[in-house]
Amino acid sequence: MDSDAYLSKVLNNNKIDPELYTKYNVKRGLRNADGTGVLVGLTRVGDVHGYIMDEGERVPVDGKLYYRGYDVEDLVYHAAKEQRYGFEETIYLLLFGDLPTKSELEEFSALLGEKRALPKNFAEDTIMKVPSPDIMNKLARSVLTCYAYDERAEDLSPENVLRQSIELIARFPTMVAYAYMAKKHYYDHESLFIHSPGKTASTAETLLSLIRQDQKFTRLEAEILDLALVLHAEHGGGNNSTFAVHLISSADTDTYSAIAAGVGSLKGYKHGGANIKVMGMMEDIKKGVKNWDNEGEVADYLVKILKGEAFDHSGLIYGQGHAVYTVSDPRATLLRNKAEALATEKGFKEEFNLYRTIESLVPRVFKQVKGSDKAICTNVDFYSGFVYHMLGIPTELYTPIFAISRVAGWCAHRLEEIISGGRIIRPAYKCVQPRLPFVPISERS
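Asker: Any chance you could explain the side chain of R336 here in plain terms?
Answerer: Mapping R336 onto the fold places it in helix α15 (residues 330–346). A polar contact of 2.8 Å, which involves the side chain of R336, links it to the side chain of E359. Apart from residues lying up to four places away in sequence, R336 is in contact with F352, R356, E359 and Y383.

Asker: Teacher, can you tell me more about the pattern of salt bridges here?
Answerer: It is possible for side chains bearing opposite charge to pair when their charged atoms get close. A full pass over the atoms with the stated rule returns 28 salt bridges. For K64, the salt bridge is made with E73, and the minimal N-O distance between the two is 3.4 Å. Residue classification places K64 among the partly exposed positions, given a relative accessible area of 25%. The residue E167 makes a salt bridge to K115 at a minimum N-O spacing of 3.9 Å. Residue E167 is found in helix α8 (residues 158–186), and its partner K115 is found in helix α5 (residues 102–115); the two are separated by 52 residues along the sequence. Judged by its relative accessible area of 11%, E167 is buried.

Asker: Honestly, helix α12 (residues 255–266) in this entry has me stumped. Any pointers?
Answerer: Residue pairs spaced three or four apart in an α-helix point in one direction, given the helix's 3.6 residues per turn. Between its terminal C-alpha atoms α12 stretches 17 Å, which fits the 16 Å expected from twelve residues at 1.5 Å a residue. When you tally the buried positions in α12, you get nine out of twelve residues, the bulk of the element. All of the buried residues along α12 are T255, Y256, A258, I259, A260, G262, V263, S265 and L266. Buried residues along α12 sit in contact with α7 (135–145), α8, α11 (240–249) and α18 (398–421). Where α12 begins, one side-chain oxygen reaches toward the backbone nitrogen of Y256, 3.0 Å away; that side chain belongs to D254.

Asker: Can you help me understand the packing of aromatic side chains in this one?
Answerer: Remark: the centre distance and the inter-plane angle together describe each pair of aromatic rings, the angle taken between the planes. The final tally for this structure, using the stated rule, is 13 aromatic pairs. Feature note: the residues F348, F352, Y355, F382, Y383 and F386 constitute an aromatic cluster, connected by ring pairs. Its end group placed over the ring of Y85, R219 keeps NZ or CZ at 4.3 Å from the ring centre. Above the plane of the ring of Y269 lies K277, whose end atom (NZ or CZ) is 5.7 Å from the centre.

Asker: Looking at this model, I keep getting lost on the sheet that holds strand β3 (residues 70–71). Mind explaining?
Answerer: In any sheet, the strands associate via hydrogen bonds between backbone groups, in a parallel or an antiparallel arrangement. Overall, antiparallel pairing links the three strands, which are arranged β1-β2-β3 in an open sheet. Because the sheet does not close on itself, it has two edges, and the strands there are β1 (46–54) and β3. Bridge count between strand β2 (residues 57–67) and β3: two bridges; the pairing is antiparallel. Each bridged residue has a counterpart across the sheet, and for Y67 the counterpart in β3 is Y70.

Asker: What's the story with the nonpolar core in this structure? I'm lost.
Answerer: Buried together is how nonpolar side chains tend to be arranged in soluble globular proteins. Core analysis: the largest hydrophobic core is formed by 119 residues, its most contacted members being F172, I285 and L302. By residue number, the principal contributor to this core is α8, which donates 14 residues. When neighbours within four sequence positions are excluded, F172 is seen to be in contact with L139, V143, I259, V263, A403, I404, V407 and W410.

Asker: I keep staring at unusual backbone geometry and nothing clicks. Help me out?
Answerer: Among all residues save glycine, negative phi is the norm, and among peptide bonds the norm is trans. In this structure, D252 takes a positive phi of about 65 degrees despite not being glycine. For D252, the position within the fold is in the loop between α11 and α12. You will see that F311, though not glycine, has its phi angle at about 55 degrees, which is positive. Tracing the backbone through its elements, the reader meets F311 in the loop between α14 (295–306) and α15. Classification of F311 as partly exposed rests on a relative accessible area of 24%.

Asker: Quick question: what am I supposed to make of the environment of F402 here?
Answerer: Structurally, F402 can be placed in helix α18. Sequence separation between F402 and G272 is 130 residues; the distance between their C-alpha atoms is 6.7 Å. Other than its neighbours up to four places away in sequence, F402 contacts H232, L266 and G272.

Asker: Quick question: what am I supposed to make of the environment of K304 here?
Answerer: By secondary structure assignment, the location of K304 is in helix α14. For K304, a relative accessible area of 39% gives the class partly exposed. When the C-alpha positions of K304 and T22 are compared, they lie 32 Å apart, and in sequence the two are 282 residues distant. With residues up to four places along the chain from it excluded, the contact list for K304 reads E309 and A310.

Parameters at a glance
- Residues numbered from 1 in each chain as written.
- Predicted model: local features only at pLDDT ≥ 70, side-chain atom pairs only at ≥ 80, totals over all residues.
- Heavy atoms only, no water.
- Helix = DSSP H or I, 4+ residues; strand = E, 2+ residues; numbered from the N terminus.
- Polar contact = N/O pair within 3.5 Å; in protein donor to acceptor, adjacent residues only side chain to side chain.
- Contact = heavy atoms within 4.5 Å.
- Salt bridge = Lys/Arg side-chain N within 4 Å of Asp/Glu carboxyl O.
- Buried < 20%, exposed > 50% of the residue type's maximum accessible area, 1.4 Å probe, protein only.
- Expected span 1.5 Å × (residues − 1).
- Phe/Tyr/Trp six-rings, centres within 6.5 Å; stacked < 30°, edge-to-face > 60°.
- Lys NZ or Arg CZ within 6 Å of the ring centre and 35° of its normal.
- Pairing = 2+ DSSP bridges.
- Core = buried A, V, L, I, M, F, W, Y, C linked by side-chain atoms within 4.5 Å.

Treat this as a map of the structure, not an account of what it does.
Written out as C-alpha cells, the structure reads:
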C-alpha cells in the first residue's frame, strides 16, 4: 500500500459529520452556542472582562484585564509613574496573590537575578549540542530537560512547586536567548556569541542584552518590552495554554511536564503564534497598497483579504477580533500608546499610521463584507509583532517572548490547581463510530 492509500484511510476514517455536533449538543472548542466559554473551573489568578450578558444577549463593553483582582492598567500606570519596570512586580503578584512592598519587590527581583543562569553544562549539553530550527521546540525540550537537573523533580508539594516555578520563570529568557543563538549558528551559519545573564537587570533588560551582540539598548526599548511582558503574563484560566497547564497538572504530573505542555500549546498559530500571522499580513498589505495614506485604497485591500482574495486566502484579518473582548482589548490600547513613542524614535511613524488606519477601518469593512454589526476590536497581537519588529527582534523570537511572559501565569495556575483542584480533568467525548462485526483476516478483501 502506498502513502496515498494510507492517507486516504486516515482521512476517510476520521471524518465526523458536522451535523452530529448539533445533534448531540457538543460544546465544540469548549464554547457555548453563543460563543461564551463553557465554565469548567474557578480561579483567583486572572479575569478577562469583555462583555455583559443581558437576558441572554451579549452586550459589548470596554475590555478589562485583572491580575489577582487588580486592573492591569493600574499596574502599568504606577510602574511608569514610578519610573520602574513592572514585570517583576507582575510575577510576584501572580505567584503570591499580593502586591509586594518595596523591599519585597527588591528581594524577589534579586532572587530572579540569582536564578537566571542555567545549571552547569546545561547550555552546552542540552542547547548547543542539540539545536533546533524552532525556538519554541527547543524551549519545550529545555524545560523537560530541567527535570534531570532537579533532585526533587517529582515533589508536588506547594513549597517545591513554587521553587521550581521561580527557577523556570527566571531561566526562560536565558533558555530562549541561547536557543536562538544556537539556531543562528548551526542553521543560519552565523557567528556564535553567548552572553552570561546579569543578576541585577530586569527581565526585559536581560533578554535584550542576551540577544544583541553589543548588549546595548535604550531605556525606551526596555520599557516597551517590559510592557509587553506585563500584558502577556496572564489571561484567565480558559486560554488554550493555561488550560493545558491546568489539565496536565490535574493528573499529578511533574512541573516540567506541565509547563512544557503550555509551551507546546502556545507555539500554535491560533494562540501564541498569531502575531507572526499579523506581520505576514502587514507585509502583504504594504506591498499591495501603493498609497498608505489613502483610506479608500487601504479599505479596498482589506475587503480583498476578508473575501479570501488576498494574503493567505483564509478570509481573516489577523489581529482583529477576540473571543472575549468586544469594544476594546486593553492590552492592545496600552501597547499601541507606547508603540507610537517607539515608532517616532525608530523612524517607523509612517508604518505606525498604517496600523492605526487599518484599526479604524476594520469595523466598517467587516460590516460591508459580512453584513454584521458585531463589535470587532483590535487585539494585542496586532501591535505586539510590530513592537518587536521595531526593536529589531527577529520573527522567530516573537512567540518565545510570549512564553517568557506567560510562564508566570502558567506557574500561578499550576499552584492553584495543585492546592485547590483535587480532581483530574476529564471531559467527555461521545463516540459516533457505528458498531461493526469482526471479520476474520482470511475473509477481508
